[in-house]
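The primary structure of each chain is shown beneath.
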Amino acid sequence: MKSKIFAGFDIIGDLHGCVFTLIRLLEKLGYSDVNGIFSHPKRQAIFVGDLVDRGPHIREVVKIVKAMVDAGEAECLMGNHEYNILGYYLWLPERQSFLRAHTAHHHRLIAETIDQFAPYPDEWEAALRWMQDLPLFLEKPGFRVVHACWDEALIQRYKQEYGKNTVDVNFMRASVDEDSFPGLFMDRLTRGTDMPLPAGVEVLGRDGVSRDRFRTKFWSQSANTYADVVFQPDPLPDYMLYTPLSDEEKSRLITYGEEQPPVFVGHYWLQGRPRILMPNIACLDYSAVKYGRLVAYRYDGEHRLENDKFLWVYVDPQRDD
Ligand SMILES: [Mn+2]
């Protein structure tokens, strides 16, 4: 199986426990279930991460994806939701605390995952170990994949210092310091870039959480206003959009040049018909768990991405509910 030469890659968006939708997408892509492992005669799947939390069939999603990865039929990135869960259980002896504080809000975000795995403690232990070993970034011939943001400088530094694309628990522990290299690396790659809103301004998200920061594009070029950099489903107040960015704000933006290889991400809760963000950037997260689409991009080596290579299924609320 592992010696099979893959003719192409199917990059698949955030799953969040939507197992029936995942199966329908895999079947539409030409994968079939042979003895519990979905495979394609010529193609490999790549999952952008965020398998867990929110949805109804998290354990089953982990089971399918893990089986595909174990068999060499897929690769899977770590998303911020996997990082959150690992951090929730990662004890920091020197601080006498967990990496991710046990607040009510943090617990609520992972509650579905915990509840659904509760009757299966051995499977849960195995899932946690598996999540710890998921890569943070993938570089394949001609393209790249990361959950939220390809930050070339941070990734180059990580490769030079560690020579791999996975992180161990000591690196994760060190990410407790947000301004340290491990802190920046984990946050940037799994959550992307953001910017503080002006003092006193908060935006209420679709998820009911009020935030004092907003998500920004990691491919901004010659940005001058907030409208040029905002990248999130929740709109900023109109009056803010054309406020000029300060030099300090501009200095903290990162970019992803048009000459760089195509990169695929998930994470951003997009809506509507899937389309490329840039000729070399595509996002696969179209809010499946919010009754949007579960989206794949069929990649065949092209240097410039094409809108007609997206393929998707709609979530069936009768089943993945
Ligand atoms: Mn995410």
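Bear in mind the structure is a predicted one, so any value in this text is a computation, not a measurement.

**Q** I'm lost on helix 4 (residues 104-117) in this one. Help?
**A** For an α-helix, 3.6 residues make a turn, and residues three or four places apart therefore share a direction. Relative to the 20 Å expected for 14 residues at 1.5 Å per residue, helix 4 spans 19 Å between its end C-alpha atoms, a close match to the ideal helical length. In helix 4, a bend of some 55° at Ile 110 exceeds every other bend along the element. Those residues of helix 4 that sit buried are His 106, Ile 110, Ala 111, Thr 113, Ile 114 and Phe 117. Each element contacted by the buried residues of helix 4 is listed here: helix 2 (58-70), helix 3 (80-89) and helix 5 (121-132).

**Q** Any chance you could explain the coordination of the manganese ion here in plain terms?
**A** Tetrahedral metal sites with four donors have an ideal angle of 109.5 degrees; octahedral sites with six donors have ideal angles of 90 or 180 degrees. Protein-derived ligands of the manganese ion are Asp 50 (OD), Asn 80 (OD1), His 147 (NE2) and His 267 (ND1), with the metal-ligand distances lying across 2.1 to 2.3 Å. Expressed as a motif, the donor residue spacing for the manganese ion is D-x29-N-x66-H-x119-H. Placement of Asn 80 in helix 3 and of His 147 in the loop between strand 9 (143-146) and helix 6 (152-162) is noted, with a sequence separation of 67 residues between them. What makes His 147 buried here is its relative accessible area of 0%.

**Q** Would you mind showing me how to read the packing of aromatic side chains here?
**A** The relation between two aromatic rings is expressed through the spacing of the ring centres and the mutual angle of the planes. According to the stated counting rule, one finds 26 aromatic pairs in the structure shown. Here the aromatic rings of Phe 137 and Phe 185 are separated by 6.4 Å at their centres, their planes lie at 85°, and the arrangement is edge-to-face. Of this pair, Phe 137 sits in strand 8 (residues 137-140) while Phe 185 sits in helix 8 (residues 181-191); the two residues are 48 residues apart in sequence, bridging distant segments of the chain. On the basis of relative accessibility, which here comes to 2%, the residue Phe 137 falls in the buried class. Judged by centre distance (5.2 Å) and plane angle (85°), the rings of Tyr 162 and Phe 171 are edge-to-face. Among the residues examined, Tyr 162 registers a relative accessible area of 35% and is labelled partly exposed. The buried category is assigned to Phe 171, whose relative accessible area is 4%. Taken together, the aromatic side chains of Phe 6, Phe 9, Phe 143, Phe 264, Tyr 297, Tyr 299 and Phe 310 make up a single cluster linked through ring pairs. Positioned over the ring face of Tyr 120 is Arg 59, at 3.4 Å from the centre of the ring. One Lys or Arg, Arg 157, reaches over the ring of Phe 181 and ends 4.0 Å from the middle of that ring.

**Q** I would appreciate a short explanation of the sheet that holds strand 9 in the present structure.
**A** Within a sheet, neighbouring strands are paired by backbone hydrogen bonds and run either parallel or antiparallel to one another. What the 4 strands build is an open sheet, ordered 8-9-14-15; its pairing is mixed. The open sheet is flanked by strand 8 and strand 15 (281-283), the only strands paired with a single partner. Between one strand axis and the next, the sheet turns by 15° as a mean value, whatever way the strands run. Two elements, strand 9 and strand 14 (residues 263-265), share 2 bridges in a ladder whose sense is parallel. When the bridges of strand 14 are listed, Val 145 appears paired with Phe 264.

Reading the values: rules and limits
- Residues numbered from 1 in each chain as written.
- Predicted model: local features only at pLDDT ≥ 70, side-chain atom pairs only at ≥ 80, totals over all residues.
- Heavy atoms only, no water.
- Helix = DSSP H or I, 4+ residues; strand = E, 2+ residues; numbered from the N terminus.
- Expected span 1.5 Å × (residues − 1).
- Bend = angle between axes of the 7 residues up to and from the residue.
- Buried < 20%, exposed > 50% of the residue type's maximum accessible area, 1.4 Å probe, protein only.
- Contact = heavy atoms within 4.5 Å.
- Donors = N, O, S within 2.8 Å, 3.2 Å for Na, K, Ca; no water.
- Phe/Tyr/Trp six-rings, centres within 6.5 Å; stacked < 30°, edge-to-face > 60°.
- Lys NZ or Arg CZ within 6 Å of the ring centre and 35° of its normal.
- Pairing = 2+ DSSP bridges.
- Axes fitted to C-alpha atoms, helices over the stretch in contact; angles between N-to-C directions.

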